[in-house]
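Residue-level structure breakdown
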Amino acid sequence: QVQLVESGGGLVQAGGSLRLSCAASGNIFSLGAMGWYRQAPGKQRELVASIGTYGSTNYADSVKGRFTITRDNPKNTVYLQMNSLKPGDTAVYYCNAGQLVDNYWGQGIQVTVSS
């Protein structure tokens with residue numbers, strides 16, 4: 001079993017920045033792709049950004065140019081740098097990681113962007 005713990009969320013004003021971190025622990029031996037998803041009230045969970053084992057990235061169109069996903073493999077940690085935040089970015093953000101055929105989710109962390 002792998003546990004994912006997010007941190008760095010909170011309240012920020014529009015135009016500001018925030019960095020989310022997700023640290024994996026537990027039975028880690030071969031983490032694959034990691035990513036960030038978000039779910040706003042009344043909406044489905046959506047992929048925000050993902051990063052492969054060796055750094056390939058994908059972003060939702062809505063965050064391209066504003067968000068950057070990175071990872072630190074020795075620390076088993078993935079980050080999401082969020083810049084130029086908008087009220088529409090308000091959501092619960094979830095960390096996700098794959099290991100072999102298994103998939104794990106963090107508990108979610110609130111990001112609120114005030115106008």
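All residue numbers here refer to positions counted from 1 along the written sequence of the relevant chain. Where totals are concerned, whole chains, interfaces and linings use all residues; where local detail is concerned, this predicted model gives features only for residues with pLDDT of at least 70, and gives and counts side-chain atom pairs only at 80 or more. Side-chain metrics in this entry use all non-hydrogen atoms of the structure; hydrogen atoms and water are not considered.

**With respect to the pattern of salt bridges**
- We count a salt bridge whenever a side-chain nitrogen from Lys or Arg sits within 4 Å of a carboxyl oxygen from Asp or Glu. All chains considered together, the criterion is met by 4 salt bridges.
- Ionic pairing is found between D89 and R66, a salt bridge with its closest N-O pair at 2.7 Å. Here D89, found in the loop between β8 (77–82) and β9 (91–99), pairs with R66, found in the loop between β6 (57–59) and β7 (67–72); they are 23 residues apart in sequence, far enough to count as distant. We note that D89, like R66, is buried. Strands here mean DSSP runs of E at least two residues long; helices mean DSSP runs of H or I at least four residues long; both are numbered from the N terminus. Exposed residues in this analysis have more than 50% of their type's maximum accessible area, buried residues have under 20%, and partly exposed residues fall in between, with area computed by a 1.4 Å probe over protein chains only.

**A word on the state of the cysteines**
- Criterion for a disulfide: a pair of cysteine sulfur atoms at a distance within 2.5 Å. Inspection of every chain in the model, using the stated rule, returns 1 disulfide.
- A sulfur-sulfur distance of 2.0 Å marks the disulfide that ties C22 to C95. Taking the sign of the torsion about the S-S bond as the criterion, the disulfide between C22 and C95, at about -85 degrees, is left-handed. Here the residue C22 occupies a position in strand β3 (residues 18–26), and C95 occupies one in strand β9, the gap between them amounting to 73 residues.

**Looking at the environment of F29**
- Structurally, F29 can be placed in the loop between β3 and β4 (31–39).
- Taking C-alpha positions, F29 is 10.0 Å from N76, a pair spaced 47 residues apart along the chain.
- Any two residues whose heavy atoms approach within 4.5 Å at even a single point are treated as in contact. Residues in contact with F29, not counting those within four places in the same chain, are Q99 and L100.

**Here's the deal with the packing of aromatic side chains**
- Pairing of aromatic rings covers Phe, Tyr and Trp, the last through its six-membered ring, and needs centres within 6.5 Å; plane angles under 30 degrees mean stacked, over 60 mean edge-to-face, and all others mean tilted. The final tally for this structure, using the stated rule, is 1 aromatic pair.
- For the ring pair Y37 and W105, a centre distance of 4.9 Å and an interplane angle of 65 degrees mean the geometry is edge-to-face. On the criterion of sequence distance, the pair formed by Y37 in strand β4 and W105 in strand β10 (residues 102–105) is long-range, its members being 68 residues apart.
- We call a charge positioned over a ring when the NZ of a Lys or the CZ of an Arg lies within 6 Å of the ring centre and within 35 degrees of the ring normal. Above the plane of the ring of Y94 lies R45, whose end atom (NZ or CZ) is 3.7 Å from the centre.
- In this arrangement the basic side chain of R45 is found over the ring face of W105, its NZ or CZ atom lying 4.8 Å from the centre.

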